[in-house]
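What follows is each chain in one-letter form.
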Amino acid sequence: MRGDIFTQLRDDILNGTLPPGTQLKEIQLANRFGVSRTPIRDALSRLEDSGLAERVNRGLEVRGLDPEQVIQVYDIRILLEVEAAGQAAQNRSLNDILTLEALLERDRGLEKPTDTELIQTNLEFHRSVWKATQNPILIELLEQLMTHLVHAPTSTLSVNNRQKEALQEHARLITAISDRDTATARKIAKLHFSTAREIRMDLLRKAAIRDATR
């Protein structure tokens, strides 16, 4: 149960359900999960240790956005995701391909998805790519890295026509993985995440300008 609470809260933070600045109160969370405050304290302590929550004014809240750290995470994630794509092409099973194809069709069918839905479904797709690597160390590194990537209120997939473009890239990535085409899988992954990085940079730049002109 304690691990489940931490995992649920972690995922809520990563997909934007609990945005930066949200207060994490023991009593409210105990009521939500139907448990005592002890397992809640344990889960909150793990969130703090993982860098997803911080103490502000004697309370605990979801950690705010650090633009410099976000870009650093993107830089490292590009390297790891490229490696994951290559290893997925080498080691994937038929079940991995079927799962990725099913997730792609699901995502193509989304109608006016919210930012939270876009973040959540996109992360689920990429976690399935990680799983296809059959490499638990690489998967663990990517999971740890994601705990440092607390998204801004706007998903990069919500910008202009990016969601449609990203799904086309997902389709090409699935084909490369299915064909065991390691070089192409790596190339697609690098383009995919480099584009996300540039969009995030632009969003951070615009946010900084808005803050400066208030």
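Each remark here, short or long, concerns the structure printed above.
The text that follows walks through the structure, step by step, so that each part is easy to find. (Residues numbered from 1 in each chain as written. Predicted model: local features only at pLDDT ≥ 70, side-chain atom pairs only at ≥ 80, totals over all residues. Heavy atoms only, no water.)

Details of unusual backbone geometry
Phi angles above zero are rare outside glycine, and Gln 134 is one such case at about 60°. In this structure, Gln 134 sits in the loop between helix H6 (115-132) and helix H7 (136-146). Residue classification places Gln 134 among the partly exposed positions, given a relative accessible area of 47%. Positive phi, normally seen in glycine, also occurs at Arg 180, with a value near 55°. Along the chain, Arg 180 falls in the loop between helix H8 (162-178) and helix H9 (182-212). (Helix = DSSP H or I, 4+ residues; strand = E, 2+ residues; numbered from the N terminus. Buried < 20%, exposed > 50% of the residue type's maximum accessible area, 1.4 Å probe, protein only.)

A short note on the packing of helix H5 (residues 94-108) against H8
For the pair H5 and H8, the least separation of the axes is 10 Å and the interaxial angle reads 165°. Overall, the two elements H5 and H8 adopt an arrangement that is roughly antiparallel. Of the two possible hands of crossing, H5 and H8 adopt the one that is left-handed. For the pair H5 and H8, the contacting residues are Ile 97, Leu 100, Glu 101, Leu 104, Asp 107 and Arg 108 in the first and Gln 163, Leu 167, His 170, Ala 171, Ile 174, Ile 177 and Ser 178 in the second. (Axes fitted to C-alpha atoms, helices over the stretch in contact; angles between N-to-C directions. Parallel < 35°, antiparallel > 145°, perpendicular 65-115°, else oblique. Left-handed = near helix turned anticlockwise from the far one by under 90°. Contact = heavy atoms within 4.5 Å.)

Details of the pattern of salt bridges
A full pass over the atoms with the stated rule returns 19 salt bridges. The partner of Arg 41 in a salt bridge is Glu 26, with the nearest N and O atoms 3.2 Å apart. Of this pair, Arg 41 sits in helix H3 (residues 37-49) while Glu 26 sits in helix H2 (residues 26-33); the two residues are 15 residues apart in sequence, bridging distant segments of the chain. A residue is classified by how much of its surface remains accessible, and Glu 26, at 22% relative accessible area, is partly exposed. (Salt bridge = Lys/Arg side-chain N within 4 Å of Asp/Glu carboxyl O.)

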